[in-house]
Amino acid sequence: MKLPALAMHNRQFTIVAFILLSIFGITAFLKMPRTENPTIFIPGGGIVAVYPGASPQDMEQLIAIPLEEAINELSDINRMNTTISDGLVTVTVEFNYNTDANTKFDELQRKVTSARRDMPKDLHSLEVMQWTSADVVIMHLALVSDHHSYAWLEQKGEALKKQIEKLNGISKVTLMAYPEQEVRITLNTEKMALMGITMSQIANVMQSQNVNIPGGSIKLGSYEYAVKTSGAYASLSEIENTIVASWQGSIVYLRDIATVTMDYANQDYIGMYSSTGDQEHKALFIGIQQKEEHNIFSIMETLQPELEQFNATLPAGSRLHTVFDQSEFVNTRINGFLLNLLQGIILVGIVIFLALGMRQSVIVIIAIPLSILIGMGFVDLSGFGLQQISIAALVVALGLLVDNSIVMVENIHRHIRLGYGRAEAAIKATSEIGWPVVSATFTTLLAFVPIIMMPDKTGDFIKSLPVTIIFTLIISLLIALTLTPLLASLFLKKPEEQKPHNNTISARSANIFVRALERFIEGPYRRLLKRAMHQKWLTLSVLMLLIIGTLSLFPLVGISFFPKAEQPHLLIGATLPEGAAIATTKNEARAIQQVLDSLPQVDYYAINVGHGNPRIYYNVFPKQFASNFAEFYVKLKSYDVEEFNGLISFLRHRLGNIPDMKVTIKEFEQGTPIEAPVVVYVMGEDIDLLRNYSDSVKTILETQPGTINIVNELDREKTEFKFTINRDKASLLGIPSHEIDKTIRMSIHGLVIDEYRDERGKRFNIVMGTAGEFTPEDIRKIYVESLTGKLIPLSMVAETGFHKAPGKITRYNMQRYGAVKADLDGTRTLDEVLDPVMEQLEMTNLPEGFSYKIRGEYESRQESFGGMGMALLLAAIAIFAVLV
């Protein structure tokens, strides 16, 4: 091997080259993006449609099915999931992973836009979101105040939002958990009926009045002036003074039949914050997201002063609290790696010092930081940042980096003691074992090739691990073949007394540790080796028995897709029966608050009622609006594995017995997003049969040891107040069905008829409806307009009553399904839980059109490891080729 000789003969070039590489590595290391997790883009997206007041069946027909039919026209769809509840449709579309994420998202947006034409015109919102693991909040803040209104909190939050969005590295700031203001027009339907004024008439008049059409320009002399017309509404008084009709020769203003006020919309998301020993506080939540490829610590350096300055301006009784700060966890992981690195350097130094001496240990230790720094430079060039996967890779590589240099230094040291000159010993020793070291390194590198070849999102997520290991090991090999022999030739000492080419060196060693090691090698180990060589078949038989025994133990080890995150926080979800009002959910959630307040381990917690906690972890997605749901983000004072597991067990036992409340405890885990470790879909169209078969699956899981948090998505029905329209009678009276539906919606929930802008340019919905909360007795006050303009009491064409209905409808690839989900309690692996469950499902006879599908971690593992067999075979062939 000529490389060591070239490095020795060109010393200055070698030293300068490594100095430049070190500078390159240090520069790259300092500017590398620092985040908690790697960024991956999954081809697909999520669509969220909000239509308050609509039942799941209506949402399915009006929103979900038109969306699915439009999206299904796209190619390369892997799966499409739809979840439908009161007033909310969520559709998640995942394309084949080998497609371009941005192209597919653009196609998805176009299809959703085209489907919008077939949906109700008064649909509240329709949002399309692209998937990325980086779309998380790096900071979750709570602006609390018990003495100020939500309008004040919103105003302060908007001011802070404008400050933060200007900072470098900030991509988005979102305000959450507050009711938006709206202009509410509360109609007196009895007066309207007396005057013959309809809701549609008022809506049409207001829409025609609230326009802003430019008047063009006019030229007067040598100047040209823009023409300003009457324009849109400029104040609430202008809205009140809108002329809507005439009655008995008099003009009827809107104020005569309605009241116009600035009010809050119905609050569907309540936020609260509570710290140890303190009461809960009303809160507005603020989520901050960072731009990709930015250093989270650089962002925090500019963000923290802004937050401190904002806090200083708040009046007494108000404060901005930090609920979640991602930089703390990133800092902990980086500091943990640096500590591991320091420990590794010290331990390696001690071992080498004891075995070879001070100078040899220094030469070997130099290889560690150099390999890491230069290797991270190439990792940065490959597009990867510093996050938990690449940090884990450095920890793994730490024990491998010094192997080559140790072998080289020891062999050079041996040749020097055999009587060779330092330069000659360095060249001869390195050339002697150069190719074995190269072979050993490349066989190690090839062992990581299957990880690089892992398909799907899991492969992308952990790709930085093998890439980081490969780069650092290649650099360590280069150092061992060039820099290490050069340094050895410069700094190693030649013993004063030695016999040239004498292989017996133990007698001359003054090192007690070395003498003991050499006595062991020359004594017991040499005798054992000689016996193994003389009894070859016995040795091979023992080896085969050990291999067979090891393979037989493999099933006992089990397979876990990804480990726990091991962080001092958790999520507690509470679900009440379907139909529970948000105020009821808030009151019932106090039972959980009382338990948390009694725990000394809890530092603080944030409460989300009606919505999931903001997305603070890459594989945990918040639950969308649901009035019967509350979620607690709980921050602990510290993390200890045993104490944390004990706390989880205590909470599950203590909170699992709260009446009429399903409580789940969610630990943060590594890995790609999945619904739950165990997920069983029951596919079919009949909702009643789906519920029955899903209950059967739930029973199977409940009897299986190792499962917790078992949930059947269809096990709870809701009671609806239904209007049954007599269509024959309505047709005879000349009343279109859509007019009845619109009138009912406007009377009960209110209908957005237009938009109002205040003097600051802020937009508010104009909502028209009736006074107070609707009761069944109020139906007599509702009138509908016939085609002839006559007002007919709604009670003449519609009957009311209560009936049972599903609280949620779920669809998979355009087919209804029921999902049964379960978490694992940690006592058993996924395979130990799922194998007997799958056996029982295979023995179940389902009617035609129904089937089971296993999803969750099992499906994700199948997709991720599907191509691993071929990758392992190729790696084994490559390793064999290197050895040959």
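The structure we're discussing is the one just above.
What you see is a predicted model; the values in this text were computed from it and never measured.

**What to know about the environment of glutamate 588**
Structurally, the position occupied by glutamate 588 is in helix 22 (residues 582–588). The spacing of glutamate 588 and serine 208 is 380 residues in sequence and 46 Å in space, taken between C-alpha atoms. What glutamate 588 contacts, discounting residues up to four positions off in sequence, is Leu576 and Met661.

**Digging into helix 2 (residues 11–31)**
The terminal C-alpha atoms of helix 2, which comprises 21 residues, lie 30 Å apart, in line with the 30 Å expected from a rise of 1.5 Å per residue. Within the sequence span of helix 2, burial applies to Thr14, Phe18, Ser22, Gly25, Ala28 and Phe29. Along the axis of helix 2, the buried positions cluster into a sector of 135°, meaning they face one direction only. Turned more than 90 degrees away from the buried face of helix 2 sit Gln12, Phe13, Leu20, Leu30 and Lys31, all of them exposed.

**Side note on the packing of aromatic side chains**
In the structure shown here, the tally under the stated rule is 17 aromatic pairs. Aromatic rings pair up to connect Phe461, Tyr617, Tyr618 and Phe668 into one cluster. The side chain of arginine 255 reaches across the aromatic face of tyrosine 253, ending 4.3 Å from its centre.

**Quick look at helix 13 (residues 388–401)**
Counted at 1.5 Å a residue, the expected span for helix 13 with its 14 residues is 20 Å, and the 19 Å between its end C-alpha atoms agrees. Restricting attention to buried positions, one finds in helix 13 the residues Gln388, Ile389, Ser390, Ile391, Ala393, Leu394, Ala397, Leu398 and Leu401. Elements in contact with the buried residues of helix 13: helix 11 (326–355), helix 12 (358–381), helix 14 (403–417), helix 17 (456–461) and helix 18 (464–481). Regarding helix 13, its N-cap is glutamine 387, as a side-chain oxygen of that residue lies 2.9 Å from the backbone nitrogen of isoleucine 389 further along.

**Re the sheet that holds strand 24 (residues 763–770)**
The sheet built from four strands is open, its strands ordered 12-7-24-23 with mixed pairing. Two strands in the sheet have a free side with no partner beyond their single neighbour: strand 12 (258–264) and strand 23 (751–757). Averaged over all adjacent pairs, the angle separating strand axes in this sheet is 30°, with direction ignored. Pairing of strand 7 (residues 181–187) with strand 12 involves seven bridges; the strand directions are antiparallel.

**Thoughts on the environment of lysine 623**
Topologically, lysine 623 is positioned in the loop between strand 17 (602–609) and strand 18 (629–636). Through-space distance from the C-alpha of lysine 623 to that of glycine 610 is 8.9 Å; in sequence the pair is 13 residues apart. Aside from chain neighbours lying at most four places away, what touches lysine 623 is Thr575, His611, Gly612 and Phe629.

**Some details on unusual backbone geometry**
The backbone of asparagine 709 shows a phi angle near 50°, a positive value even though the residue is not glycine. Assignment of secondary structure puts asparagine 709 in strand 21 (residues 707–712).

**Overview of a positive patch on the surface**
A cluster of basic side chains, namely Arg11, Arg359, Arg422 and Lys493, defines a positive patch on the protein surface. Tracing the backbone through its elements, the reader meets arginine 359 in helix 12. Take arginine 359: its relative accessible area is 38%, and that puts it in the partly exposed class.

**Side note on the pairing of strand 29 (residues 815–824)**
Most of strand 29 is tucked away, with nine of its ten residues classed as buried. The sheet contact formed by strand 21 and strand 29 spans four bridges and is antiparallel. Residue pairing for strand 29: isoleucine 708 is matched across the bridge by aspartate 823. Counting the residues between successive antiparallel strands, the hairpin from strand 28 (residues 809–812) to strand 29 contains two residues, one of them, asparagine 813, with a positive phi of roughly 50°.

**What about the pattern of salt bridges?**
According to the stated counting rule, one finds 22 salt bridges in the structure shown. Notably, a salt bridge pairs lysine 104 with aspartate 76, separated by 3.3 Å at the nearest N-O pair. One end of the pair, lysine 104, is in helix 4 (residues 101–115); the other, aspartate 76, is in the loop between helix 3 (56–71) and strand 2 (77–85), and 28 residues separate them in sequence. A relative accessible area of 36% means that aspartate 76 is categorised as partly exposed. Glutamate 859 is the partner of arginine 79 in a salt bridge, and the nearest nitrogen-oxygen pair spans 3.5 Å. Placement of arginine 79 in strand 2 and of glutamate 859 in helix 29 (residues 857–864) is noted, with a sequence separation of 780 residues between them.

Quick notes on the rules
- Residues numbered from 1 in each chain as written.
- Predicted model: local features only at pLDDT ≥ 70, side-chain atom pairs only at ≥ 80, totals over all residues.
- Heavy atoms only, no water.
- Helix = DSSP H or I, 4+ residues; strand = E, 2+ residues; numbered from the N terminus.
- Contact = heavy atoms within 4.5 Å.
- Expected span 1.5 Å × (residues − 1).
- Buried < 20%, exposed > 50% of the residue type's maximum accessible area, 1.4 Å probe, protein only.
- Arc of directions from axis to C-beta.
- Phe/Tyr/Trp six-rings, centres within 6.5 Å; stacked < 30°, edge-to-face > 60°.
- Lys NZ or Arg CZ within 6 Å of the ring centre and 35° of its normal.
- Polar contact = N/O pair within 3.5 Å; in protein donor to acceptor, adjacent residues only side chain to side chain.
- Pairing = 2+ DSSP bridges.
- Axes fitted to C-alpha atoms, helices over the stretch in contact; angles between N-to-C directions.
- Patch = residues over 30% accessible without salt bridge, like charges linked within 9 Å, V, L, I, M, F, W, Y side chains within 5 Å.
- Areas by Shrake-Rupley, 256 points an atom, 1.4 Å probe, with all protein chains shown as cover.
- Salt bridge = Lys/Arg side-chain N within 4 Å of Asp/Glu carboxyl O.
- Lys, Arg positive; Asp, Glu negative; His and termini not counted.
- Charge placed at Lys NZ, Arg CZ, Asp CG, Glu CD.

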